[in-house]
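Residue-level structure breakdown
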Number of protein chains: 2
Amino acid sequence: MQSDGLCASPGQSSVRGATPASQRKNAGRNGGPRTRDDECFGGGTDDNMDSDFDFEGNLALFDKAAVFSKISSLGAEGEKPTYRHDQNILEVKPIVYRQITVPQHQHGGKEYCTDSGLVVPSVTFDLHKRLLASAERWGLSVERRLETVGVCSSQMALSLLGGPNRLTPKNGHQLPVVVLLCGPHLQGAQGVSCGRHLANHQVETVLFLPNCLKMQECVSREATLYSRSSSQQVASSRDLPQTPVDLVINCLDHHESPLLREQSWYQSAALWANQNRAPVLSIDPAVGAVPQSVEAKWTLFLGLPLDVERAESKVYLCDVGIPKRVFQEVGIGYHSPFGCRFVIPLHTA
Amino acid sequence: MQSDGLCASPGQSSVRGATPASQRKNAGRNGGPRTRDDECFGGGTDDNMDSDFDFEGNLALFDKAAVFSKISSLGAEGEKPTYRHDQNILEVKPIVYRQITVPQHQHGGKEYCTDSGLVVPSVTFDLHKRLLASAERWGLSVERRLETVGVCSSQMALSLLGGPNRLTPKNGHQLPVVVLLCGPHLQGAQGVSCGRHLANHQVETVLFLPNCLKMQECVSREATLYSRSSSQQVASSRDLPQTPVDLVINCLDHHESPLLREQSWYQSAALWANQNRAPVLSIDPAVGAVPQSVEAKWTLFLGLPLDVERAESKVYLCDVGIPKRVFQEVGIGYHSPFGCRFVIPLHTA
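Residues numbered from 1 in each chain as written. Chains lettered and ligands numbered in written order. Predicted model: local features only at pLDDT ≥ 70, side-chain atom pairs only at ≥ 80, totals over all residues. Heavy atoms only, no water.

The name given to chain A in an unreviewed UniProt entry is Enhancer of mRNA-decapping protein 3, with the source organism recorded as Champsocephalus gunnari. Heading Subcellular location (unreviewed entry) of the UniProt record for chain A holds this comment: "Cytoplasm, P-body". (UniProt positions renumbered as here; feature names shortened; annotations may be inferred.)

Our next topic: the overall build of chain A. Helix and strand content of chain A: 11 helices and 10 strands. Within chain A, buried positions represent 45% of all 349 residues. For chain A, contacts bridging at least 24 residues in sequence account for 67% of all contacts bridging at least 6. Roughly 18600 Å² of accessible area belongs to chain A as shown, and the carbon and sulfur atoms make up 52% of that amount. (Helix = DSSP H or I, 4+ residues; strand = E, 2+ residues; numbered from the N terminus. Buried < 20%, exposed > 50% of the residue type's maximum accessible area, 1.4 Å probe, protein only. Contact = heavy atoms within 4.5 Å. Areas by Shrake-Rupley, 256 points an atom, 1.4 Å probe, with all protein chains shown as cover.)

Right, let's talk about the relation of the copies chain B and chain A for a bit. Both copies of the chain are related by one operation, a rotation about an axis with a shift along it. Superposing chain B onto chain A takes a rotation of 178° plus a shift of 0.7 Å along the axis, which leaves an RMSD of 1.2 Å. Taken together, these values place the two copies in the relation of a two-fold axis. Judged by C-alpha distance, B:Arg144 is the residue of chain B that lies nearest the rotation axis, at 2.5 Å. Taken together, the interface assignments show that 100% of the residues at the interface of chain B recur at the interface of chain A, consistent with an identical surface on both copies. (Least-squares fit on C-alpha atoms with pLDDT ≥ 70 in both.)

Residue and element names in this part refer to chain B. As for its placement among the helices and strands, Asp 253 is situated in the loop between β6 (247-251) and α10 (264-275). At 3.3 Å, the side chain of Asp 253 forms a polar contact with the side chain of Arg 261. A distance of 2.7 Å separates the side chain of Asp 253 from the side chain of Tyr 266, its partner in a polar contact. (Polar contact = N/O pair within 3.5 Å; in protein donor to acceptor, adjacent residues only side chain to side chain.)

Residues and elements named next belong to chain B. Positive phi, normally seen in glycine, also occurs at Ser 230, with a value near 50°. Here Ser 230 lies in the loop between α9 (217-227) and β5 (232-234). The backbone phi angle of Asp 284 is positive, close to 50°, even though this residue is not glycine. If you trace the backbone, Asp 284 turns up in the loop between β7 (280-283) and β8 (298-302).

Residue and element names in this part refer to chain B. Close contact between helix α8 (residues 186-199) and α9 brings their axes to 9 Å; oriented N to C, the two are set at 15°. Taken together, the axes of α8 and α9 are roughly parallel relative to one another. Regarding α8 and α9, the two cross each other, and that crossing is left-handed. Of the residues in α9, those touching α8 at Leu 186, Ala 189, Val 192, Ser 193, Gly 195 and Arg 196 are Cys 218, Val 219, Glu 222, Ala 223, Leu 225 and Tyr 226. Per-class residue counts for the contact of α8 with α9 are eight nonpolar, two polar and two charged. (Axes fitted to C-alpha atoms, helices over the stretch in contact; angles between N-to-C directions. Parallel < 35°, antiparallel > 145°, perpendicular 65-115°, else oblique. Left-handed = near helix turned anticlockwise from the far one by under 90°. Nonpolar A, V, L, I, M, F, W, Y, C, P; charged D, E, K, R; others polar.)

So, in structure tokens, the structure goes:
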């Protein structure tokens, strides 16, 4: 910019009306013999003291618009953008927050989002059932799912109970008490599996499982395993604790047997849960037009959420280990929303 | 103490040689008519200015030894100890740190301790095998265990990979790469299950599983499920990544087939693992006289630890959901050391 003379300032050699220092020095040398001190200190400092600097004339030489347009054109074309030390210089793919797509007619009508903002749509019960059936065909058997649900839901329950603060050897005098209300069906078996894992972590568990003539095999197997944990099991709600417990886990409902609710064991267990002041965690609850018989503080869905009528319950989602392509088989475009976790909270979008 | 006159001080009414204030006031009132101001401000302040207080006489009245013995006897018998606000007033049972007992001849010879100080003894391979067999008889099938091991080991691997910091939607351009080296046996199937759960959490997994004529059913089932996660599977170590990966999970060894090590697929896979600079996690490794063929940074045992010859590997223990009484059946006195977690680090005691 100096070379083209457009931008001039008083200190530069192209300034008119001011004699440059080099000229002054040369003038002193050529003008005749001088002492060394004169050469050093006596240089014509006051030669131009009387002639004023021509501010206006200099300003007229400066074409501000032309200079600025040249500067801005340089920035746009040739120069690279600069980065701060904490900026990422790798090109980042745009984040897709809507990674799970559900066929329109199978959409549950509700959308949730995860802590990191990923959108998780709810699905109809029918689609959810087909998803699990498809996973079973590929080898993700009911037994496997029971175990995964047991591990993950007990991990959630353990953290609700206070996690490492509550369950330390120094706290042996106040072990948490958890009551599991389980119906004689698959959902109930999931609760029994959760209860076994809780009992394995020194939680005092009380399992409520009604006596039934035709108990499903998955339930009786789980109950046998549970019995090995030397924890309590009761068949009547009269034998449930009368004092408030730390947590109630509700697995009374079955998706396809709404008539269960009219049985006496169901009603007495639901009554007990609503009267006990403990908070309730519902695992894989039946959803539909009828309201929940036991009001849950937390609801845990498996794989993808179903619709919950009431918004009071906090919704959580459990990863039951279904691979991506199984989702695709039933028409769901899927990308895991779980990050590094197996149980995540879902927020109403 | 005032009533028995033993303890006297200058301000009290029983002090000799000092007229109490109430007497002074009354004296002023009874002595004749006074103005209000006199009554208020003119009270005989200087009545006793000349009589010195009898310190020695008063001191002689005070039997220090008798008073102190009475105070200390009160403290010992009648008074409750006082507590600070952060002290526990509930009586605490003494903590038993040695809660797991193993028959002497089945003891692995090593003892570990958990973060909270609980002692976990190692067991012989024979006892470990009987423990798992007993659990299977009660219904904790191999399939269930495969799923639990898959969930828990993948949780451990996810946290080794960086956990929530690494696996966030904003980090989609640098997904972690994990190679699973699996033999054609139960231990290998555990690795495949771990791989599926990792793939379900957006880890880029590469499964190495050699082609075998007689593949165990548990392995082929796991591999089928894994194939649904649309992740890579290779049968030759030549197809494994040539660049360092984030983590290698080693499930090559089988407890009861030491001869596997002489097969070419085993040797080439072990060579690859030792040449790739990635850290290695060994799940349920075979232990014995021969050293590990792949040097592991972390070792994960199931249920109870076996003996590791080398101390370089950090030892972790995984809860596979075996109930207490199953441990007792094989002679192990058991009390869960896991607290609220499913995978815990073990330290050499």
